[in-house]
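Report on the structure
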Amino acid sequence: MKRVLALAVLLAAAPAAAATLPNPNWPAPADRGEALLRNSVLTAHNRARAQFGVPAVSWNQELAAGALAHAQYMAATGVYGHDQTPGRRRKSGENLWRGQRGLFSYDVMIGVMVDEARHFRPGAFPDNSVNGDWHAVAHYTQIVWPTTTEVGCALASSATTDYFVCRYAPTGNKDGFYLSANRGDPLAALSAGTKLAEGGN
C-alpha cells in the first residue's frame, strides 16, 4: 500500500527520544546493503507475525528481484504506485514505501508498516481498521497474513527519493477471509468463491 513517511522528524527532541531519529547514523546517511536489508526485513516481519500468532516467513530471491524491478521503475519515472502488470497481484502481494533519499533506515521503512497494527481490528477483510479505512492497515495485514510464507524486498533510488518495495507469496489481503490474531484457524473463508481485494496491493 502507498504511504509517504512524513519528514517532520523531531530532531530537536531530547536525547532520550533518539528512537524518533530517521536512522542511527543521523545526520549521516542510513546504512545500506543487501545483507542488512534482508536481515531487517525478516526480523521485523517475523517479530510482527509471532506477535500475531502466525508462522514466520522466509526470504525469496525471486520475489526480491521483482521488487527491485518495480522499485527501479518508480525511481526512473517518479511514478509512485503498485505494479500494474497483468497477473502480478495473483502471484504476489506488494507493500510500498518512499522517503527522502538516504535518510531513513530499513527498520524505519518497515516499522511504518508494522505500526499500522494500532489501527487493526479483527474482522472479515477488508473490514479490519478501527477507523473504517482498510488502507490504514493494509501494509500490516499483508505482513501478518497467515497463508503468506515468503517475502522479498528491495530498494532503488532517484536523485532525491528512496523507493522501497516488498513482495509476498502467496498473496494476502483477500476479501472475505476473517483475519484475527491467535485463532486456532487464523484464516477462515466466510463464503465460497473468495475473490482478491479489488483495491488490494
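The biggest cluster of nonpolar side chains holds 34 residues, and the ones touching the most others in it are Leu37, Val41, Phe52, Trp97, Val151, Cys153 and Phe164. Of all elements in the fold, only helix 1 (34-52), helix 4 (106-114), helix 5 (138-143), strand 4 (150-157), strand 5 (161-169) and strand 6 (177-179) reach the threshold of two or more residues within this core. The residues contacting Cys153, other than those within four sequence positions of it, are Leu37, Val41, Trp59, Ala64, Ala67, Phe164, Val165 and Cys166.

What follows covers the sheet that holds strand 2 (residues 93-100). Within a sheet, adjacent strands bond to each other through the backbone by hydrogen bonds, running parallel or antiparallel. Here four strands make up an open sheet; going across it, the order is 1-4-5-2 and the pairing mixed. Every other strand in the sheet has two partners, leaving strand 1 (58-59) and strand 2 as the edge strands with one partner each. In this structure, strand 4 lies alongside strand 5, joined through eight bridges in antiparallel fashion. From the neighbouring strand, Gly152 faces strand 5, where its bridge partner is Arg167. Those strands touched by helix 1 are strand 1, strand 4 and strand 5, and its axis lies near 135° from that of strand 4. Each of strand 2, strand 4 and strand 5 touches helix 4; the most contacted strand, strand 2, lies at about 125° to it.

Quick look at the side chain of Glu94 now. Among the secondary structure elements, Glu94 is positioned in strand 2. Among the polar contacts listed, one links the side chain of Glu94 to the side chain of His82, at a separation of 2.8 Å. At a separation of 3.0 Å, a polar atom in the side chain of Glu94 contacts the main-chain amide nitrogen of Asp83.

Scoring rules and cut-offs
- Residues numbered from 1 in each chain as written.
- Predicted model: local features only at pLDDT ≥ 70, side-chain atom pairs only at ≥ 80, totals over all residues.
- Heavy atoms only, no water.
- Core = buried A, V, L, I, M, F, W, Y, C linked by side-chain atoms within 4.5 Å.
- Buried < 20%, exposed > 50% of the residue type's maximum accessible area, 1.4 Å probe, protein only.
- Helix = DSSP H or I, 4+ residues; strand = E, 2+ residues; numbered from the N terminus.
- Contact = heavy atoms within 4.5 Å.
- Pairing = 2+ DSSP bridges.
- Axes fitted to C-alpha atoms, helices over the stretch in contact; angles between N-to-C directions.
- Polar contact = N/O pair within 3.5 Å; in protein donor to acceptor, adjacent residues only side chain to side chain.

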